[in-house]
Every structure is written in C-alpha cells, then in structure tokens.
Amino acid sequence: MIGIGRETQKDNDLFFICSLIDYIARKTKNKRADIVNWLGKDWLQKIYDLADVYHCDNIDRVCEDFIEEAKIPDGTFDNVADCRYAIPSHWDIAKVYKRLIKQVAQEKQIGIVDALIKVYNSFLSAAFIMKIHLICWSATWKIQFYKLNLDSNVDLKKTLE
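Since this is a predicted model, take the numbers as computed values, not measurements.

About the criteria used
- Residues numbered from 1 in each chain as written.
- Predicted model: local features only at pLDDT ≥ 70, side-chain atom pairs only at ≥ 80, totals over all residues.
- Heavy atoms only, no water.
- Salt bridge = Lys/Arg side-chain N within 4 Å of Asp/Glu carboxyl O.
- Helix = DSSP H or I, 4+ residues; strand = E, 2+ residues; numbered from the N terminus.
- Axes fitted to C-alpha atoms, helices over the stretch in contact; angles between N-to-C directions.
- Parallel < 35°, antiparallel > 145°, perpendicular 65-115°, else oblique.
- Contact = heavy atoms within 4.5 Å.
- Nonpolar A, V, L, I, M, F, W, Y, C, P; charged D, E, K, R; others polar.
- Expected span 1.5 Å × (residues − 1).
- Buried < 20%, exposed > 50% of the residue type's maximum accessible area, 1.4 Å probe, protein only.
- Arc of directions from axis to C-beta.
- Phe/Tyr/Trp six-rings, centres within 6.5 Å; stacked < 30°, edge-to-face > 60°.
- Left-handed = near helix turned anticlockwise from the far one by under 90°.
- pLDDT = per-residue confidence, 0-100.

Asker: For the pattern of salt bridges, give the residues involved together with the corresponding values.
Answerer: Taken as a whole, this structure holds 8 salt bridges when the rule is applied. Its salt-bridge partner being Asp13, residue Lys10 comes within 3.2 Å of it at the nearest N-O pair. Taken together, the residues Lys10 and Asp13, both in helix α1 (residues 9-28) and 3 residues apart, mark about one turn of the helix. A salt bridge links Asp22 to Arg32; the shortest N-O distance between them is 2.8 Å. Of this pair, Asp22 sits in helix α1 while Arg32 is found in helix α2 (residues 32-49), placing the two residues 10 residues apart along the sequence.

Asker: Go over the packing of α1 against helix α4 (residues 59-69) with me, naming the residues and quoting the values.
Answerer: One can describe the packing of α1 onto α4 by two numbers: an axis separation of 10 Å at closest approach and a directional angle of 70 degrees. Accordingly, the angle class assigned to the pair α1 and α4 is roughly perpendicular. Across the interface between the two elements, Phe16, Leu20, Tyr23, Ile24, Lys27 and Thr28 from α1 touch Ile59, Asp60, Val62, Cys63, Glu64, Phe66 and Ile67 from α4. When its residues are assigned to classes, the contact of α1 with α4 shows 9 nonpolar, 1 polar and 3 charged.

Asker: Let's hear about helix α5 (residues 90-108): which residues, and what values?
Answerer: Look at α5: 26 Å from first C-alpha to last across 19 residues, which is about the 27 Å you get at 1.5 Å a residue. Restricting attention to buried positions, one finds in α5 the residues His90, Ile93, Ala94, Tyr97, Lys98, Ile101, Val104 and Ala105. Projected down its long axis, α5 shows its buried positions confined to an angular sector of 140 degrees, all on one face. In α5, the exposed positions angled more than 90 degrees off the buried face are occupied by Arg99, Gln106 and Glu107. Looking one or two places after α5, you find Gln109, whose phi comes out positive at around 55 degrees.

Asker: An account of the packing of aromatic side chains is requested, with residue identities and associated values reported.
Answerer: The description of an aromatic ring pair uses the distance of the two centres, along with the angle that the planes make with each other. Taken as a whole, this structure holds 3 aromatic pairs when the rule is applied. Consider the rings of Trp43 and Phe66, whose centres lie 6.4 Å apart with planes at 75 degrees: the pair is edge-to-face. Highlighted residues: Trp43 in helix α2 and Phe66 in helix α4, separated in sequence by 23 residues. Assessed through its relative accessible area of 24%, Trp43 is described here as partly exposed. With relative accessibility at 2%, the residue Phe66 sits in the buried group.

Asker: Give me helix α6 (residues 112-120): which residues, what numbers.
Answerer: Residues of α6 that are buried include every one of Val113, Ala115, Leu116, Val119 and Tyr120, and no others. Looking straight down α6, one finds its buried side chains confined to an arc of 160 degrees; they lie on one side.

Asker: Go over the packing of α1 against α2, please, and point to the residues and values.
Answerer: How two helices pack is summed up by the angle between their axes together with the distance between the axes. One way to put it is that α1 packs onto α2 with a least axis distance of 11 Å and a crossing angle of 145 degrees. For the pair α1 and α2, the sense of crossing is right-handed. Judged by residue contacts, Lys10, Asp13, Leu14, Phe16, Ile17, Leu20, Ile21, Asp22, Ile24, Ala25, Arg26 and Thr28 of α1 engage Arg32, Ile35, Val36, Leu44, Ile47, Tyr48 and Asp49 from α2. A class-by-class count of the residues in the contact of α1 with α2 yields 12 nonpolar, 1 polar and 6 charged.

Asker: Tell me about the confidence of the model for the chain, residues and numbers included.
Answerer: In this model, the chain carries an average pLDDT of 77, and 68% of its residues clear a pLDDT of 70 or more. By mean pLDDT, helix α8 (residues 156-160) is the weakest element of the chain at 44, and α2 is the strongest at 93. Scored below 50 in pLDDT, residues 135-161 shows 19 contacts in the model against residues more than four places distant or in partner chains.

Encoded structure:
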C-alpha cells in the first residue's frame, strides 16, 4: 500500500536509475546521453528491474561496477567543476528526469526504459544540462564582472540577460 506522499516502488526505481546515470556522468566527465548509450537498453532494463537491490548498496561502488563493466571511458565534459556555487545534486537532477521520463512514457505509450533512452538522447536533455552549465558560467562571469569594478552606470541585469 502506498501511503500519503509516498511514491510507488517503480517510481523509486526510476529515480534511482536517473540518479545513477547522473552520478556516473559526473564521475567520468561524460554527457548523460553518452552514459545511457554506453550502458544500452539491456543494462538499463537490468538496473531498472534490480534498482531496489542496487539502491541498498553504496552508490560509489555501484557506479564503479557499471563504469568497469560497460568500459565507460573518462571524458572531458565537466559542467560541475566550472561552478563556484552549490549546484543541484545528482539526486536533484534525477527528480526532474524521473518526472519527464514518466510523462514521455505515458504520452507516447512506451515502456519506462524506452522513454528513458528517448529523453536522455533528446534535445531537451541537452538543453537542460546546458542550462545548468550556463547558470554556473553566468555566476562565474558575474563575480569577474564585479571584480573588474566596471562603470557603475552599466545595467548589470540587462547585460546578463
């Protein structure tokens, strides 16, 4: 039985797999779509089906196991290191992806794993991650802008938009 405010087990499983994808991407400095594609549909289905088991283990160990098994190489995509303030965690990002994947699965009437692959390989996913990167870049740029003591007549808000 699902209590008030509780999600179904499968929603939790989807949340976990989205968290794991983001965690692996951050750890290997790869794009999320690349992680999804390296793992492939069969492994993604396995992770989704066994998420309640993997969830009980340390995410670092689970992450390392999948990096090794899928032979995921280190990349150069690091939208986290450039940020100078707290960015959303892999758990926070997973919440957004989970909602989007569920919506796509329902609207397209496809399975969760198929929807997951579709979402992570979509322009929307790339735009979402780019938005986080731009927010980080913008914050860094604002700091540099203030440090330069530019003319106080400059409308900073309009400049940054």
